[in-house]
Amino acid sequence: MTTGGLADRAGLGPGDVIRSAASVPAPTAEALSQTLATRPGQTITVAITRSQQSRTVPVTLGQLPGR
């Protein structure tokens, strides 16, 4: 993760475990990528676990380069 990067600005931090995005379970990085790629420009809710506590974070998705 990069300080000031997209994940940082979205409120995600080192060690956060993404459980779901837009109410779609994210059991793998590939499943998460597929969910995110279909929603450019949308603000979605990302459910994470941080320090053994569950929370949700609103994230506005950008466009993937080359798409």
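The present account deals with the structure reproduced in this document. Because the structure is a prediction, the values reported are computed rather than measured.

As for the pairing of strand β4 (residues 53-60)
Alright, step 1. Across eight bridges, the pairing between strand β3 (residues 43-50) and β4 is antiparallel. Bridge assignment links arginine 50 to a residue of β4, and that residue is glutamine 53.
Alright, step 2. In this structure, the hairpin formed by β3 and β4 is closed by a connection of two residues, where serine 51 is found at a positive phi of approximately 50°.

Comments concerning the pattern of salt bridges
Alright, step 1. According to the stated counting rule, one finds one salt bridge in the structure shown.
Alright, step 2. In this structure, aspartate 16 and arginine 50 form a salt bridge, with 2.8 Å as the shortest nitrogen-oxygen distance. One end of the pair, aspartate 16, is in the loop between α1 (6-9) and β1 (17-21); the other, arginine 50, is in strand β3, with 34 residues separating them in the sequence.
Alright, step 3. Its relative accessible area of 17% is what places aspartate 16 among the buried residues.
Alright, step 4. On the accessibility criterion, arginine 50 (24% relative accessible area) is partly exposed.

Conventions adopted
- Residues numbered from 1 in each chain as written.
- Predicted model: local features only at pLDDT ≥ 70, side-chain atom pairs only at ≥ 80, totals over all residues.
- Heavy atoms only, no water.
- Pairing = 2+ DSSP bridges.
- Helix = DSSP H or I, 4+ residues; strand = E, 2+ residues; numbered from the N terminus.
- Salt bridge = Lys/Arg side-chain N within 4 Å of Asp/Glu carboxyl O.
- Buried < 20%, exposed > 50% of the residue type's maximum accessible area, 1.4 Å probe, protein only.

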